[in-house]
Amino acid sequence: MTTFIDISHMQQLIRKTGVQQFITELTGFIEDDYRNWAHFQKCRRVANHSALGVIELMPTASEILYGFKYVNGHPSNADKNNLTVMAFGALAETDTGYPLLLSELTLATALRTAATSVLAAKYLAPHHVRTMAVIGNGAQSEFQILAFHTLLGINHFRLYDIDPRASEKLKNNLTEYQAIHLHISDSVAEAVQGADIITTITADKKNATIIKPEMISDNVYINAVGGDCPGKTEIHPDIINRARVVVEYEPQSRIEGEIQNMPASFAVTELWKIINGNVNNRDFQHGLTVFDSVGFAIEDFSTLRYIRHLSEKYRIGEKIELVPQPADPRDLFSYIK
Ligand code: NAD
């Protein structure tokens, strides 16, 4: 039997753990899998592009488990009051192919993206960061703020979105967190001025230059999350050109990340090398550093692993017969006789 986690099960799992503990524990699962980087089969995600967006499949496998995520990105969905990003995924036994878990991953993607962002910042951002600018206040944004508040102790956030209703929504959603101070800015330039960390998490299918060189100092950490597709970036190429850039999986980021605007010779560092100590993280904790995040399959694999762990711990989820179990496995026809 396969465990099925729908939206209501996921809500129950998040309520049981609490969103801050969920992000904290998930960050640990992702960090563990990044430490085991060499043991994973890795490939770029398979992307089917259309005029309005993209639908992607993100597979990876360890010796024990196989996982994949289906995810889309359709910025214009918002015009029809629909989600920009939706996802679901599965975890299976590598040895047999039997599916163990089929899960919603829309809520979980927001949590895992925030967890990955804060995991990278834990290694790459300067110590004692106090203020973060959050540019783009849509579906992902609250999760980013909670992650950076919980794991890095940031209490002051400056918000900017071209749609003021998005910033108001964000503010209303986080009113219960009294230690979090949110200030809505009138422009990107105002929001980023003096911020220790800048998170960009906008959605627009174009090479945008939301952060321009004249807006920032040479001493800031940029968590660039929204540019994650060919022809969809957020940071001015002159900033990328003079920054130290960290990516998740270089072959995928060269096509999808901010570095798609850079020549192939432009040097980048993969995050797993920093987490494993192959590259010294202190070299990134001062000056201008960009985490050029596009989302990588291992992060979703870790998320599926964590969901399975929580599902077993709290006995939440439905057992479904996703694959047939005939008495004689060669007699599949018996199911339809
Ligand atoms: P969303 O549509 O809910 O929110 C996007 C917000 O960006 C909207 O409020 C919109 O008004 C705002 N925006 C658009 N252009 C802007 C601009 N120029 N300046 C300021 N604000 C602007 O989308 P979402 O689900 O929050 O996702 C945001 C982005 O993050 C998407 O591009 C998505 O593909 C990306 N994403 C990346 C990862 C990753 O792992 N790197 C994971 C999930 C989502």
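Residues numbered from 1 in each chain as written. Predicted model: local features only at pLDDT ≥ 70, side-chain atom pairs only at ≥ 80, totals over all residues. Heavy atoms only, no water.

Trainee: Mind laying out the sheet that holds strand β7 (residues 131–135), listing which residues take part and the relevant values?
Mentor: Read from one edge of the open sheet, eight strands run β9-β8-β7-β10-β12-β16-β14-β15, paired in parallel fashion. Where the open sheet ends on each side, the last strands, each with one partner, are β9 (181–184) and β15 (269–270). Judged from the four bridges that link them, strand β12 (residues 221–224) and strand β16 (residues 289–292) form a sheet pairing that is parallel. Its bridge partner lying in β16, Tyr 221 is registered against Thr 289. In the packing of helix α3 (residues 106–124) onto the sheet, contacts are made with β12, β14 (244–247) and β16, and the angle to β16 comes to roughly 155°. (Pairing = 2+ DSSP bridges. Helix = DSSP H or I, 4+ residues; strand = E, 2+ residues; numbered from the N terminus. Contact = heavy atoms within 4.5 Å. Axes fitted to C-alpha atoms, helices over the stretch in contact; angles between N-to-C directions.)

Trainee: Before we move on, could you go through unusual backbone geometry and cite the residues and values that matter?
Mentor: Even without glycine at this site, Asn 81 takes up a positive phi of about 65°. Within the secondary structure, Asn 81 is located in the loop between β4 (65–73) and β5 (87–93). When its relative accessible area of 74% is taken as the criterion, Asn 81 is described as exposed. For His 128, which is not glycine, the phi dihedral falls at a positive 60°. (Buried < 20%, exposed > 50% of the residue type's maximum accessible area, 1.4 Å probe, protein only.)

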